[in-house]
Every structure is written in structure tokens, then in C-alpha cells.
Amino acid sequence: DAPENIRAEVMLGYKIMTETKKYAGEYVKNDLSCSSCHFDGGRSRNSISLVGVGATYPRYRSRQDYTVDIAMRTQDCFERSMNGVAPALDTQVMQSLLVYMQWISKGIPIYSKLPWALPSDLGNPHKPNVEDGAKVYANVCARCHGEEGQGTPIAPPLWGDGSYNDGAGMNRITTFSVFTWRFMPKNAPSLTQEQAIDVAGFVHEKPRPKFVSTHADKIRQIIPLPEEK
Ligand code: HEC
Ligand code: HEC
């Protein structure tokens with residue numbers, strides 16, 4: 001239901017999110033789609049939802065030590081979560097993604113706090129036990145994600161060449177365990193927090209692509225910022 005003059009690009013943005021290799025293959029070097037983590041193109045609130053995200057940027061990010069816009073944030077997911085190459089701002093892929101994310105944020109007041117935003121950790125002091133995590137993996141995850149984490153026709157890989165790289169947010173035990181506890185198995189989450197932390201520790205020890213930085217993270221600051229009062 002987007003206005004006619006942006007509708008085609010909103011729809012293309014959705015397709016890039018859900019079939020990323022097909023529609024943005026030159027920027028992707030693994031077997032994931034954006035939707036592997038942002039289910040249904042980020043429209044599902046039972047995932048790392050992108051509903052409303054357009055209203056929460058530009059935002060301060062410690063990685064850049066500056067306030068960055070949603071395009072820079074999206075480039076990070078390409079380089080890390082997709083183990084790929086960041087599309088430039090003036091590419092069709094980036095512009096379609098931006099208009100799509102803005103569209104699924106319509107009606108949400110600028111700088112709202114989104115109740116469905118993913119917390120950064122479970123707030124549970126349990127330390128990951130890798131052996132227990134291996135059992136959780138074999139009993140619960142392997143049937144969809146594969147015995148060797150390689151993925152199956154049902155679910156994407158969790159480690160190995162087809163997975164996200166070691167610079168990705170999902171490579172943090174905290175992020176992985178929140179995601180898994182809330183959303184896995186897909187549509188029927190069933191783990192205790194301790195099991196989610198254990199399986200996160202187990203997956204974290206597995207091999208995956210290395211993040212190779214192609215540019216400095218920090219924003220180059222040359223103008224002194226105004227003093228705070
Ligand atoms: C392996 C999982 C994974 C994949 C694949 C992935 N992302 Fe993400 N993405 C994340 C995580 C984790 C975050 C951080 C969530 C948070 O901090 O709340 C994130 C955050 C984002 C954000 C910022 C959200 C916010 O609320 O600040 C955007 C925008 C985004 N991703 C876009 C994309 C796009 C576009 C793609 C595909 C090109 C993609 N992501 C692929 C895991 C992934
Ligand atoms: C019923 C099948 C099923 C089971 C069981 C399952 N998952 Fe998933 N998982 C999925 C699907 C499907 C996706 C991708 C979602 C999409 O494409 O819509 C996914 C995505 C993921 C992702 C993000 C994408 C990626 O590949 O990095 C992680 C992390 C994950 N699952 C972890 C787990 C863990 C850990 C377990 C075991 C506790 C588990 N899953 C059990 C179906 C499953």
C-alpha cells in the first residue's frame with residue numbers, strides 16, 4: 001500500500017531483504033539473507049525487527065564513536081552479518097533498502113523507544129558450558145541447521161563458510177543467546193535461558209569467516225564539537 005511513486009522500490013527492498021543473494025548477490029559472500037535474522041524482511045516483531053527502525057536513526061554508535069545514519073548501519077550488516085561488501089549509498093540496492101525500511105517505519109514518531117527492540121543480553125549471569133551446549137545443539141538445533149551447522153533447506157547455516165563472520169553482532173554470545181532464547185526453534189522457542197547461553201557458547205567456538213576491515217570504523221572528526229553545558 002505504499003504510494004505509487006515509491007511502491008516499486010519498496011517491493012524491491014523487500015525482495016532484497018528476503019532473497020538477498022538473488023537480488024543483491026554482488027554484495028553477499030555467504031548463504032544468509034537479511035531475513036535469516038530479520039524475519040520476513042524485518043516485519044516480524046518476533047525476530048530482530050526492523051519495524052520502526054527508520055525512526056530511530058541517526059543514532060550514536062560506539063563502533064563509529066559518532067552519530068550515524070541507517071545507511072551506515074545497513075552497510076555494517078552487509079560487511080559482517082552477510083560477510084560481504086557494503087553497497088555504496090548511490091546504488092539501487094542501498095536506496096531500495098532505505099525506502100523499504102522507512103516505509104515499514106511509517107507512523108512511528110521520530111526517536112521513539114521501540115518496545116520490540118532486542119535487548120543486548122539476557123541479564124542472566126550463567127556462564128556458557130560448551131559441553132552442555134553441544135547437547136542442546138544436537139537435540140534441538142541440528143534437525144534444521146544441520147549436524148555440522150552447515151544449514152539445510154529448512155534453515156540457514158550457523159557456522160562455517162556460509163555463515164556470518166566473526167565481526168558480526170550475532171557472533172557475540174550475548175546477542176546469540178537473546179536471539180535463540182526468544183526466537184528458536186523458529187515459531188516454537190523452548191529453551192531455558194541457561195540452555196540458550198550454553199548453545200551460544202558452543203556455536204561461538206566453531207569456525208567462521210574472518211571479518212576483514214576495508215575502511216576505518218571511526219568517523220573522521222575534524223571540527224571540534226560544541227561544549228556541553
Ligand atoms: C546473522 C544475522 C543478521 C543478518 C543476516 C543481518 N543482520 Fe542486520 N542486524 C543483526 C543484529 C544482531 C543487529 C543488531 C540488533 C540490535 O543491536 O538491536 C542488526 C541490526 C540491523 C540494523 C539496525 C537495527 C536497529 O534497530 O538499530 C539494520 C538496519 C540491519 N540490521 C539491516 C540488515 C540488512 C539490510 C541485512 C541484509 C543485507 C541484515 N541486516 C542482515 C543481525 C543480522
Ligand atoms: C524448526 C527449525 C529450526 C530449529 C529447530 C532451529 N532453528 Fe534457528 N532458524 C530457523 C530458520 C527457518 C531460521 C531463518 C529464519 C528465516 O529465514 O525466516 C533460523 C535462524 C537462526 C539464526 C539466525 C540466522 C543464522 O543462520 O545465523 C540463528 C542464530 C539460529 N536460528 C539459532 C538456532 C539455535 C541455536 C537453535 C537450537 C536451539 C535453532 N536455531 C533451532 C529454523 C530453526
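What counts and what doesn't
- Residues numbered from 1 in each chain as written.
- Chains lettered and ligands numbered in written order.
- Predicted model: local features only at pLDDT ≥ 70, side-chain atom pairs only at ≥ 80, totals over all residues.
- Heavy atoms only, no water.
- Helix = DSSP H or I, 4+ residues; strand = E, 2+ residues; numbered from the N terminus.
- Polar contact = N/O pair within 3.5 Å; in protein donor to acceptor, adjacent residues only side chain to side chain.
- Donors = N, O, S within 2.8 Å, 3.2 Å for Na, K, Ca; no water.
- Tetrahedral: all angles 85-135°; square planar, octahedral: opposite > 155°, others 65-115°.
- Near = heavy atom within 4 Å.
- Nonpolar A, V, L, I, M, F, W, Y, C, P; charged D, E, K, R; others polar.
- Buried < 20%, exposed > 50% of the residue type's maximum accessible area, 1.4 Å probe, protein only.
- Expected span 1.5 Å × (residues − 1).
- Contact = heavy atoms within 4.5 Å.
- Salt bridge = Lys/Arg side-chain N within 4 Å of Asp/Glu carboxyl O.
- Domains from an automatic or database assignment.
- Axes fitted to C-alpha atoms, helices over the stretch in contact; angles between N-to-C directions.
- Parallel < 35°, antiparallel > 145°, perpendicular 65-115°, else oblique.

Caption draft 1: Structural detail: the side chain of Thr-91. Along the chain, the position of Thr-91 falls in the loop between helix 3 (70-81) and helix 4 (92-103). Within the structure, the side chain of Thr-91 is placed 2.6 Å from the backbone oxygen of Ala-88, a separation counted as a polar contact.

Caption draft 2: Examining the coordination of the iron atom of ligand 1 more closely. For the iron atom of ligand 1, the protein coordination sphere consists of His-38 (NE2) and Cys-77 (SG), at 2.1 to 2.3 Å. In this structure, the iron atom of ligand 1 is coordinated by 6 donor atoms arranged in octahedral fashion, with angles at the metal of 87 to 180°. Pair noted here: His-38 is in the loop between helix 2 (20-24) and strand 1 (59-61) and Cys-77 is in helix 3, with a separation of 39 residues, a long-range link.

Caption draft 3: The site of ligand 1, seen in detail. As a structural note, the neighbourhood of ligand 1 is formed by 21 residues, with Cys-34, Cys-37, His-38, Tyr-57 and Cys-77 the closest of them. The contact in question runs from an oxygen atom of ligand 1 to an N or O atom on the side chain of Arg-59, over 3.1 Å. For the shell around ligand 1, the leading source of residues is helix 3, giving 5 residues. Of the residues belonging to the shell around ligand 1, the class tally is 14 nonpolar, 5 polar and 2 charged.

Caption draft 4: Representation of the coordination of the iron atom of ligand 2 within the structure. In the first shell of the iron atom of ligand 2, the protein supplies His-145 (NE2) and Met-184 (SD), at 2.0 to 2.2 Å from the metal. Around the iron atom of ligand 2, the 6 donor atoms sit at angles spanning 85 to 179°, and that spread fits a shape best called octahedral. With His-145 in helix 5 (residues 130-145) and Met-184 in the loop between helix 6 (173-183) and helix 7 (193-204), this pair connects stretches of sequence that are 39 residues apart. The same class applies to His-145 and to Met-184, which are both buried.

Caption draft 5: Representation of helix 3 in the model. Compared with the 16 Å implied by 1.5 Å per residue over 12 residues, the 16 Å span of helix 3 between its first and last C-alpha is a close match. What helix 3 keeps buried is the set Ile-70, Ala-71, Thr-74, Asp-76, Phe-78, Glu-79, Arg-80 and Ser-81. On its buried side, helix 3 packs onto strand 1, strand 2 (66-68) and helix 4. Backbone geometry just after helix 3 places Asn-83 at a positive phi near 45°.

Caption draft 6: A look at the pattern of salt bridges. Counting across every chain of the model gives 9 salt bridges. A salt bridge links Asp-132 to Lys-135; its shortest N-O distance comes to 3.7 Å. Taken as a pair, Asp-132 and Lys-135 lie in helix 5 at a separation of 3 residues, close to a single helical turn. The class for Lys-135 is exposed, based on a relative accessible area of 51%. Of the charged contacts in the structure, one is a salt bridge between Asp-166 and Lys-210, with a shortest N-O distance of 2.9 Å. Linking Asp-166 in the loop between helix 5 and helix 6 with Lys-210 in the segment after helix 7, this pair joins segments that are 44 residues apart in sequence.

Caption draft 7: Molecular detail of the site of ligand 2. The environment of ligand 2 is formed by 24 residues, the closest being Cys-141, Cys-144, His-145, Pro-157 and Met-184. A distance of 2.8 Å separates a nitrogen atom of ligand 2 from a polar atom in the side chain of His-145. Counting residues per element, the shell around ligand 2 draws most heavily on helix 5, which supplies 5 residues. Considered class by class, the residues forming the shell around ligand 2 number 18 nonpolar, 4 polar and 2 charged. In this structure, the shell around ligand 2 is formed jointly by two domains, domain 1 (4-103) and domain 2 (130-204), each of which donates at least three residues.

Caption draft 8: Region of the structure containing the packing of helix 5 against helix 7. In contact at an axis separation of 7 Å, helix 5 and helix 7 are set at 100° when each is read in the N-to-C sense. On the basis of their axis angle, the class for helix 5 and helix 7 is roughly perpendicular. Across the interface between the two elements, Val-130, Asp-132, Gly-133, Ala-134, Val-136, Tyr-137 and Cys-141 of helix 5 pack against Gln-195, Asp-198, Val-199, Gly-201, Phe-202 and Val-203 of helix 7. Its residues assigned to classes, the contact of helix 5 with helix 7 comprises 8 nonpolar, 3 polar and 2 charged.

In short, shape yes, function no, at least from these values alone.
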